[in-house]
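Descriptive structure summary
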Amino acid sequence: MLIWVVASIVFLAIRCVPGDPAELLLSQGGAAPDPATVQQLHEQLGLDRPISVQYVDAFRRLLHGDLGHSVQDDSPVATEIWQRLPRTLELIAAAALVALTTGLPAGLLAALRRGGLFDRTASWVAAAGLAVPVFVVGTILVLVFAQGLHWTSAGGYVPLAQAPGRHFALLAMPAMAIALGLFATVFRMTRTAVLDVSMRDYVRTARAKGVRHHRILTHHVLRNALIPVVTVLALNLGTLLGGTVLVEYVFNYPGLSGMLVDAVSARDYPEVQGIVLVISILFVTLNLLVDLLYGLLDPRIRQTVRQA
Amino acid sequence: MKRPNPIPVAVVAAIAMLAMAVPFLGLANPTAMSIAHRMAPASAAHWLGQDEYGRDVLSRLLWGARVSLSVAAASAAMACLLGTAMGLAGGYLGRVAELLALRSMDVVLCFPPLLLALLVVTLFGPGALTLIPVLALVFLPGFVRVVYAGVLSVRSQEYVDAMRVLGAGRLRIMLRTILPNIAGPILVQLSLAAAAGVVLESGLSFLGLGVLPPAPSWGLMIAAARSTMTQAPLLLLWPCLALSLTILAMNALCDALRDAVDPHRAPGRRPRRLPSLLTPGLLMAPAPLLDVQGLTIEIDTPAGPIQPVRDVSLGVVPGETLALVGESGSGKSLTGLAIMGLLPSVARIAGGAVWVEGRDVLRLEEGELRRLRGNRMAMVFQDPLSSLNPVHRVGSQIAEAIRAHRSLSDHAARDRVLASLRRVGIPDPLRRARSFPHELSGGMRQRTMIAIGIANDPKLLIADEPTTALDVTIQAQVLDLIARLKQEHGMGVLFITHSLPVVAEIADHVAVMYAGEIVEQGTAAEVLTHPLHPYTTALLRSAPAEDGSLPDSIPGTVPLPHQLPTGCAFAPRCQHRTAACEVARPALLTAHPGHTTRCIRWRELAGAPTRQAVA
Ligand code: SF4
């Protein structure tokens with residue numbers, strides 16, 4: 001349902017904009033375009049037909065997985081997206097993995113040694129991680145590791161099958177740039193949640209039962225603290241679906257978001273439409289998955305979901 | 001709302017003022033090029049040097065701040081006004097408005113924020129003026145949600161109803177009563193949006209989709225400096241630094257505002273158990289199961305240390321119940337927690353000793369104490385819903401208590417879980433063991449708590465108001481259950497309660513606590529029928545009588561722990577007070593063998609007709 005609304009909005013928005021897409025496309029040289037060429041492009045894009053026909057037609061094709069053809073080089077949009085989407089997803093997954101494996105233990109440790117040296121240091125790192133925008137982190141990483149130390153090249157992409165070593169070397173920097181901000185979020189949420197959960201009555205009950213300290217930590221404190229942490233992480237991952245734009249641009253990483261920026265600057269409507277649609281579908285699916293995961297982590301939610 | 005931490009407020013205000021003052025600072029023209037001085041280093045005229053077109057870096061930096069901040073502030077303000085209006089309408093104007101406001105935000109939320117911004121920029125073209133509505137749209141759902149949630153929580157409250165009864169118009173109600181109540185969260189949201197605005201503006205400008213060159217913007221400056229970063233890394237450094245520090249300050253402001261709005265986030269102190277500080281127990285432990293001698297608990301507060309429990313001594317023998325009675329705040333629950341070694345982190349033991357089965361538990365290692373807890377001594381808490389872990393099944397929570405103290409096979413552990421559920425009278429234990437706490441009724445939950453408590457056949461059970469949350473029938477059942485378990489297993493019970501009818505039903509001995517001290521102690525029969533302390537007498541009078549006559553409540557309130565009277569703690573509320581009472585703190589006097597009181601006038605008052613039978 002939501003996806004249909006999203007698709008409709010994207011479709012309508014593009015057609016409601018003042019100005020003729022075809023004219024905009026052809027007038028890039030600055031000179032007024034030749035009316036004949038405009039007419040030709042109109043026919044090619046199907047813009048000469050009534051909006052309702054275009055709409056039905058677009059949806060019929062959409063159901064078959066056909067997102068139309070790029071205005072720039074006439075290649076099928078869907079193919080290009082399928083090629084680039086896994087790269088962006090891999091980037092996000094790598095960043096999430098790094099953020100989770102560092103942020104979770106760091107948050108736990110900081111909460112347990114609250115006010116200690118580690119807590120203060122990590123809190124400062126996290127504050128910095130939230131304050132420095134991702135493209136600044138990326139640029140600085142390039143400056144230090146690529147230009148300064150020559151450890152890796154400044155950016156690019158090599159398929160995994162072609163050269164696994166290079167593949168991960170090139171993945172590392174953009175993933176790190178994203179992971180810093182994500183680490184900060186996970187760290188702060190873990191720390192707050194652990195502090196909050198430790199003061200709950202059921203943790204006191206566990207202590208009254210004589211349960212061992214580390215079991216209280218894992219089975220009671222962490223288990224419950226995980227619920228808000230997972231939620232926040234998932235929300236951030238959703239945001240990242242569109243937010244890798246900057247990092248892909250900085251590292252010249254041929255992902256989906258980079259394609260979107262190119263399409264935006266080239267006014268390639270079918271491409272923009274297709275990418276926005278795919279990302280939105282992913283975003284909505286991710287949110288559904290989060291709800292499911294949430295139910296898995298919290299039996300109280302599971303029940304209300306089942307009742308609904 | 002508290003006052004927020006002033007430092008981030010001041011820093012952000014300073015940055016904002018600097019940005020506003022830029023046109024009056026007499027800076028070089030930020031867009032004036034001078035190709036001859038491309039990338040010139042810092043000089044007297046150009047403090048931070050010149051960029052790749054010879055423009056003054058300092059001037060561009062400050063003008064850039066102006067652009068960034070005004071875009072962020074304008075978009076946040078726009079989203080705030082629109083979002084507040086929509087949230088108020090959605091929360092207050094009925095179903096249609098509610099549906100429209102919330103559904104439309106769901107649609108906006110289908111797009112990741114940066115993507116949404118990109119999409120709109122595609123349609124309307126880049127530039128600072130497009131940027132403001134774009135960012136406002138991105139921030140809108142946050143405001144709508146915060147305001148909507150705020151309205152929902154406020155609108156049902158009595159004073160809104162009161163206003164409605166008084167005939168106030170809807171708009172007036174919304175603006176006058178609801179807005180001030182949700183102002184805090186809105187303010188927090190506003191600061192979050194402004195900070196996010198700076199980030200998004202710079203990001204979009206960096207991509208060339210935000211502020212257009214040659215206008216100065218931090219994002220643009222970073223993008224431009226990237227191409228020359230090997231020759232002139234400083235050109236990259238300044239805008240990066242300015243941007244990051246601004247965001248850092250704004251984030252700190254958000255945190256400070258949130259702390260100020262949310263009272264739960266006050267920082268606390270780390271606790272310490274300091275057994276070495278205690279006076280070593282001089283008395284030899286006598287035979288009883290539980291023996292508490294001179295227990296004193298201290299809590300540090302901003303107004304200085306307080307002692308919510310002072311010099312408490314009591315004992316429990318096997319197969320008997322001692323009821324610890326007092327109003328809330330008398331220190332009875334803290335006493336129970338101290339015996340278990342479970343004092344909240346702010347509290348510490350300042351003196352005294354606690355023996356359980358002859359072991360001095362206050363001086364035990366945490367590991368040894370753990371082996372006693374839940375095994376030889378157990379505690380049942382007041383609120384079973386919050387005391388059970390919501391994410392684990394009831395059966396596994398009982399099994400955890402058993403397995404913490406003995407290694408059993410899965411099968412044996414399950415048998416024991418079912419047996420203990422059966423013992424507390426839970427029907428269909430097989431099914432109940434697989435339930436989650438929220439799926440049980442209040443009575444069932446409390447039985448589960450008791451099942452956890454007795455799972456290992458403890459010798460001492462501390463029950464902290466276990467029946468307060470329950471209705472009368474269930475309460476009677478739970479009391480019977482505890483009495484039965486006591487008899488069957490020779491368990492000693494310390495029963496903490498404020499209810500005298502409950503005491504009459506269950507207790508063998510009674511200790512009455514007032515303002516952190518025990519004021520009277522004796523057998524239940526003695527204390528309930530021949531009270532020797534005016535406070536006990538007053539408590540008995542305030543208990544609901546069986547004949548239905550209205551109880552007399554005790555005038556006045558319990559003194560605050562840091563404003564204790566010098567003499568008798570009950571003196572301000574006592575009808576029998578004399579000058580002598582306020583001179584010094586009365587000692588615990590033995591009236592008859594086994595019956596003590598902390599009243600200096602007990603002998604004179606004993607003849608007075610102050611008794612009243614209690615259920
Ligand atoms: S000591 Fe005096 S003030 Fe205190 S309870 Fe006895 S009579 Fe009342």
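Quick caveat, the model's predicted, so the values are computed rather than measured. (Residues numbered from 1 in each chain as written. Chains lettered and ligands numbered in written order. Predicted model: local features only at pLDDT ≥ 70, side-chain atom pairs only at ≥ 80, totals over all residues. Heavy atoms only, no water.)

1. Observations concerning the overall build of chain A
Selection criterion: Secondary structure is summarised from DSSP: a helix means a run of H or I of at least four residues, a strand means a run of E of at least two, and numbering begins at the N terminus for each. Residue contacts are defined here by distance: any two heavy atoms, one from each residue, within 4.5 Å place the two residues in contact. Surface accessibility follows the Shrake-Rupley procedure with a 1.4 Å probe radius. Residue values consider only the protein chains on display as shielding.
Helix and strand counts for chain A stand at 13 helices and zero strands. For chain A, the succession of helices and strands along the chain, N to C, is α-α-α-α-α-α-α-α-α-α-α-α-α. When contacts within chain A are restricted to residue pairs at least 6 apart in sequence, long-range pairs at least 24 apart make up 71% of them. Just so you have it, chain A exposes about 14,700 Å², and 66% of that area is on carbon and sulfur atoms.

2. Quick word on the pairing of strand 1 (residues 290-301) of chain B
Residues and elements named next belong to chain B. Using the following cut-off: Type-normalised accessible area, obtained with a 1.4 Å probe on protein chains alone, sets the label of each residue: buried when under 20%, exposed when over 50%, and partly exposed for intermediate values. Whether two strands pair comes down to DSSP finding at least two bridges between them.
By the criterion of burial, strand 1 is predominantly enclosed, with nine of the 12 residues buried. Relative to strand 2 (residues 304-316), strand 1 runs antiparallel, the two being bridged by eight bridges. Residue pairing in the sheet places Ile 299 in a bridge with Ile 306 of strand 2. Hairpin connection between strand 1 and strand 2: a loop of two residues separates the two successive antiparallel strands. Note: strand 1 against strand 4 (residues 347-356), eight bridges, orientation antiparallel. Across the sheet, Val 292 pairs through a bridge with Val 354, a residue of strand 4.

3. Observations regarding the site of the ligand
All names here are of chain B. For the record, the criterion: Any residue with a non-hydrogen atom lying within 4 Å of a molecule or strand is treated as near it. Buriedness of a pocket was judged along seven lines, with at least five required to meet protein on both sides within 12 Å; pockets are open sets of points on a 1 Å grid over the protein atoms alone, cavities are sets where a 1.4 Å probe fits but cannot get out, and lining residues have an atom within 4 Å of a point. A molecule is counted as occupying a cavity or pocket when more than half of its atoms fall within 2 Å of that pocket's grid points. Each residue is assigned to one of three groups, with Ala, Val, Leu, Ile, Met, Phe, Trp, Tyr, Cys and Pro labelled nonpolar, Asp, Glu, Lys and Arg labelled charged, and all others, Gly among them, labelled polar.
Inspection of the region around the ligand gives His 533, Pro 534, Cys 568, Ala 571, Cys 574, His 576, Arg 577, Cys 581, Cys 599, Ile 600 and Arg 601 as its neighbouring residues. Judged by the proximity of its atoms to the pocket grid, the ligand belongs to the largest cavity. When grouped by side-chain class, the residues that make up the shell around the ligand number seven nonpolar, two polar and two charged.

4. Some words on the sheet that holds strand 8 (residues 492-497) of chain B
Residues and elements named next belong to chain B. Put simply, the rule reads: Between N-to-C directions, angles span 0 to 180 degrees; the directions come from axes that are lines fitted to C-alpha atoms, helices contributing only their stretch in contact.
On the basis of which strands lie adjacent, the open sheet formed by eight strands has the order 6-7-8-3-9-10-12-11 and mixed pairing. Strand pairing shows two members of the sheet lacking a second neighbour, strand 6 (377-380) and strand 11 (589-592), which therefore form its edges. Taking the axes of each pair of neighbouring strands and ignoring which way they run, one obtains an average angle of 20 degrees across the sheet. Two strands pair when backbone bridges link them, and strand 6 and strand 7 (residues 460-464) are joined in this way by four bridges, in the parallel orientation. Along strand 7, the bridge assignment pairs Ala 378 with Leu 461. This element, helix 10 (residues 332-340), spans strand 3 (321-325), strand 6, strand 7, strand 8 and strand 9 (509-514) of the sheet and lies at about 145 degrees to strand 6.

5. Brief notes about the packing of helix 13 (residues 394-403) of chain B against helix 14 (residues 410-423) of chain B
Residues and elements named next belong to chain B. The criterion, for reference: In these notes the angle categories are as follows: under 35 degrees is roughly parallel, over 145 is roughly antiparallel, 65 to 115 is roughly perpendicular, and the rest is oblique. For a crossing to be left-handed, the near helix must be turned anticlockwise from the far one by less than a right angle; the clockwise case is right-handed.
Relative orientation of the contacting elements helix 13 and helix 14 amounts to 110 degrees, with a least axis distance of 9 Å. Classified by the angle between their axes, helix 13 and helix 14 sit roughly perpendicular to one another. Handedness of the helix 13/helix 14 crossing: right-handed. Where helix 13 abuts helix 14, its residues Gly 395, Ile 398, Ala 399, Ile 402 and Arg 403 lie against Asp 410, Ala 413, Arg 416, Val 417, Ser 420 and Leu 421. Partitioned by chemical class, the residues of the contact of helix 13 with helix 14 number six nonpolar, two polar and three charged.

6. Side note on the pairing of strand 3 of chain B
All names here are of chain B. Of all five residues in strand 3, five are buried, a share of seventy percent or more. Residues Thr 321, Ala 323 and Val 325 line one face of strand 3 and the alternating positions Leu 322 and Leu 324 line the opposite face, and both faces are buried. By the bridge criterion, five bridges tie strand 3 to strand 8 in an arrangement that is parallel. Bridge assignment links Thr 321 to a residue of strand 8, and that residue is Val 493. Pairing between strand 3 and strand 9: four bridges, direction parallel. Within the sheet, the bridge partner assigned to Leu 324 lies in strand 9 and is Ala 511.

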